[in-house]
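# Reading the structure
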Amino acid sequence: MSGEIIEEVNVFAKAIMLGVICGVIYDLFRIGRRIYKKNIVFMGIQDIIYWCIVSVVMCIYLYKSNGGIIRGYIIFGIGMGMILYELSIGRFFVKYCTIVFLWINKKIKKISVKICKIIHLGLKKILKPFKIVGNTLNGKIRNGHRLEGSKKLHWYGGKNENKKKKGKSKKR
């Protein structure tokens, strides 16, 4: 075989590998969709992001391998790689990676709940003196005591001015 044909076969094999890589990237998006339930708009945005990534990768590959010339066998190789990946290990990859990631997600949630409980208990112990002082001060203020002493506050104009005067009262 001539050197040019060997080079074209090499480019075709790399195109198949690029198709497999594109399939893996899409499956990562699918795994994310299975783990974290999203709405249709978010899924559309994910698809746009996927196709932007894939188109940039394909353009770079075409430029590096073939000087940017679009050849049918390269596009066919990329498509064939994606299909071969999906038919061979793609389904199992998504299924088992989803199971593993859900298990990891569950363990992370359990650990984060335990850490939050430990932090909560620690903060409770650290802040307990402040709570005691705050409750004491709050109780004194509610009971009408001054903060610096134990004398009663007279909230309405000094000592009780409305006391009845002792002595004679007028009777009719």
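Here we summarise the structure given alongside this text. Because the structure is predicted, anything quoted here is derived from the model rather than measured.

Rules and cut-offs
One numbering rule holds for all chains: residues counted from 1, following each sequence as written. With the structure being a predicted model, the display of local features is reserved for residues of pLDDT at least 70 and the display and counting of side-chain atom pairs for 80 or more, all residues being used for whole-chain, interface and lining totals. Values shown for side chains rest on all heavy atoms present in the structure; no hydrogens or waters enter the calculation. An axis is simply a line fitted to the C-alpha atoms; with a helix, the fit covers only the stretch in contact. Between two such axes, the angle follows the N-to-C directions and lies from 0 to 180 degrees. Secondary structure counts use DSSP, requiring at least four H or I residues in a row for a helix and at least two E residues in a row for a strand, with both numbered from the N terminus. Any angle between 65 and 115 degrees counts as roughly perpendicular, while under 35 counts as roughly parallel, over 145 as roughly antiparallel, and the rest as oblique. Crossings are classed by handedness, with left-handed meaning an anticlockwise turn of the near helix from the far one by less than a right angle and right-handed meaning a clockwise turn. Pairs of residues are marked as contacts when any of their non-hydrogen atoms sit within 4.5 Å. Each residue gets one label: Ala, Val, Leu, Ile, Met, Phe, Trp, Tyr, Cys and Pro are nonpolar, Asp, Glu, Lys and Arg are charged, and the others, such as Gly, are polar. Patches here: salt-bridge-free residues with over 30% relative accessible area, like charges joined within 9 Å, nonpolar side chains (Val, Leu, Ile, Met, Phe, Trp, Tyr) joined within 5 Å. The Shrake-Rupley method, run with a 1.4 Å probe sphere, supplies the accessible areas, and residue values consider only the shown protein chains as cover. Throughout this description, the term salt bridge denotes a Lys or Arg side-chain nitrogen within 4 Å of a carboxyl oxygen of Asp or Glu. Think of it this way: Lys and Arg go in the positive column, Asp and Glu in the negative one, and His and the chain ends go nowhere. Just so you know, the charge point we use is NZ for Lys, CZ for Arg, CG for Asp and CD for Glu. Each residue is assigned to one of three classes by its accessible area relative to the maximum for its type, calculated with a 1.4 Å probe on protein chains only: buried under 20%, partly exposed between the two thresholds, exposed over 50%.

### A word on the packing of helix H1 (residues 3-35) against helix H2 (residues 40-66)
- Between H1 and H2, the least distance of the axes is 11 Å, while the angle of their chain directions is 165 degrees. Comparing the axis directions of H1 and H2 gives the class roughly antiparallel. Seen from above, H1 lies across H2 with right-handed handedness. Taking contact as the criterion, the partners of Val-11, Lys-14, Ala-15, Leu-18, Cys-22, Ile-25, Tyr-26, Phe-29 and Arg-33 in H1 are, on H2, Met-43, Gln-46, Asp-47, Ile-49, Tyr-50, Val-54, Val-57, Met-58, Tyr-61 and Ser-65.
- A breakdown of the residues in the contact of H1 with H2 according to their chemical character gives 14 nonpolar, two polar and three charged.

### Side note on the side chain of Thr-98
- You can see Thr-98 is positioned in helix H3 (residues 72-143).
- Setting aside residues up to four positions removed in sequence, Thr-98 forms contacts with Ile-31, Arg-34 and Ile-35.

### Quick notes on a positive patch on the surface
- Together, Lys-106, Lys-107, Lys-110, Lys-114 and Lys-117 line one region of the surface with positive charge.
- Topologically, Lys-107 is positioned in helix H3.
- Given a relative accessible area of 33%, Lys-107 falls into the partly exposed group.

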